[in-house]
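Here is what each chain is made of, one letter per residue.
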Amino acid sequence: MKTALDSTAPEVDGEPLSFRRRTVIIDGPDPVDKYVGGQLRLRRAQIGMTQSDLGSKLGLSFQAVQKYETGENRISASRLYQLSRVLDVPLAYFFEGLDGASQVEDEAVNSDLSRKEAAMVLGTYYRISDPRLRSACLLIMGRMADRGDGESA
Amino acid sequence: MTVTARASHSISEPAGAVTCAADGGCSYLRALSTIEHLAGFEHTARSYAAAAARCRRNGCWAAAANGGAHGGPTPHASAAIPLYAARKPALYTPPSERMGQMIPFVRSRFVDFVSDSDGNYIERRQLKLDTLPGRNDPLGYLYRYWRGLRSETGCQFSNVDTVHLTRAGVIGTLHVVDVSSNDPVDFRFELFGYALPFGAQEKPRAHPVAIYAESTLRDYNTVRLTARPRLQRIRCRLDDTLHHYTRLILPFLNEGGRVVRLAVAIRQEPGNGSKIETGH
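Residues numbered from 1 in each chain as written. Chains lettered and ligands numbered in written order. Predicted model: local features only at pLDDT ≥ 70, side-chain atom pairs only at ≥ 80, totals over all residues. Heavy atoms only, no water.

1. Thoughts on the interface of chain A and chain B
Then step 1. Taken together, the 20 residues of chain A in the interface contact 23 residues of chain B.
Then step 2. Summed over both partners, the interface of chain A with chain B comes to about 1,700 Å²; 55% of that surface belongs to carbon and sulfur atoms.
Then step 3. By the criterion of area lost to chain B, the three top residues of chain A are Arg41, Leu42 and Gln46 of chain A, representing 33% of everything that side buries.
Then step 4. The interface formed by chain A and chain B holds three salt bridges in total.
Then step 5. Put simply, chain A and chain B have 10 residue pairs in polar contact (both at pLDDT 80 or more) between them.
Then step 6. Of all the secondary-structure elements, those providing two or more residues to the side of chain A that touches chain B are α3 (31-46), α4 (51-58) and α5 (62-70) of chain A.
Then step 7. Considering every element that reaches the side of chain A that touches chain B, the biggest residue donor is α3 of chain A, with eight residues.
Then step 8. Of the residues assigned to the side of chain A that touches chain B, the class counts are six nonpolar, 10 polar and four charged. (Contact = heavy atoms within 4.5 Å. Buried area = accessible area lost by both parts, 1.4 Å probe. Salt bridge = Lys/Arg side-chain N within 4 Å of Asp/Glu carboxyl O. Polar contact = N/O pair within 3.5 Å; in protein donor to acceptor, adjacent residues only side chain to side chain. Helix = DSSP H or I, 4+ residues; strand = E, 2+ residues; numbered from the N terminus. Nonpolar A, V, L, I, M, F, W, Y, C, P; charged D, E, K, R; others polar.)

2. Side note on the environment of Pro229 of chain B
All names here are of chain B.
Then step 1. Relative to the helices and strands, Pro229 is located in the loop between α7 (210-226) and β5 (230-238).
Then step 2. The class of Pro229 is buried, set by a relative accessible area of 15%.
Then step 3. Distance from Pro229 to Ala263, taken between C-alpha atoms, is 9.7 Å for residues 34 residues apart in sequence.
Then step 4. Those residues in contact with Pro229 that sit more than four places away from it in its chain are Leu129, Tyr143, Trp146, Ile249, Leu250 and Pro251. (Buried < 20%, exposed > 50% of the residue type's maximum accessible area, 1.4 Å probe, protein only.)

3. Side note on the confidence of the model for chain A
Then step 1. On average, residues of chain A score 78 in pLDDT, and 71% of them reach the 70 mark or higher.
Then step 2. Throughout residues 102-109 of chain A the model reports pLDDT below 50, and contacts reaching past four residues in sequence, or to other chains, amount to zero contacts. (pLDDT = per-residue confidence, 0-100.)

Below is the structure:
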């Protein structure tokens, strides 16, 4: 049965918008909290520090550190700052690779390919000994580039 | 497979590359990756796996970070890589020294002996857990760590801190067994110690020597049913090879308090792996 409250509920793309608060028990840890926790665990293991060691430096139990690492407990800004000091990493470390790590990798590959292409064009250009042919090549390339811009526009 | 470095690694990029003796990348890092995966830390597991893959592509950067150059010496068990040990030297001792710390037989409770018509035999002595040495002993460290986990947490595998396993020095000889099935035949290894001279089967049941498979399954099942750890000294002859080791079996529970996973740590004792000459 549809209630008056349901009929006035806002919708997004035809789906009713939920105002229910996200909870760890129902929804599981937030992916970002989980990622930050994973980075924390990785860095801790990297420097050979146990959960108890880290906990004692921060005045926490090892269970609390464990909950940070699983993302079950959210790390506050002040705690994150403390962690960065204790683990000797910049604050940005905890978020490194969080957004589009693969995209960055793809861009790096593309940029690498572009550099190789540019080097090939330059190499070929300077292998043409006749200056008139070289200027003709430049002219052709310029025309082709203009035409390409016109087509794409 | 030649066993490579025992000590742990950091996850920094390699400074140079040397030839790695491990098959398919760093076994040590892959073991860590598996443990992290089983504990539910996928992010860390992937990072270790990626580091192991870098080893496969570029050579062992752990050795390189210790002064090795490209084409330099191949790392192997005798050349311990002290990356981690340099930070935490307290518990690392060379394997030869560890072998000397035998638990006296007078402390054993009872002995079980089985043999078959092919000349294979297995002798299992149950040892008291309080006989484990307190310091510089991998099994002793691991047992004390597990006892702490049991008293302070639900003793689930997800609570395991790999840094403690590394400090104990058990990675490489540690097995993880899935015992969630009620039928011991279905028990299976989730991690098999890469430093052991046994062939890695997926299931303990698949061991070619039937009496060994049965006795192993019986011990695993006992720990599963009782949820109590077990310490044993095993001496056996399997296909003309003598095996001599101490085995610690630790149970881990699920959220319902049922034993679903075992961590089995092995300490190899003197005489382990020696071949028997069969004369005519």
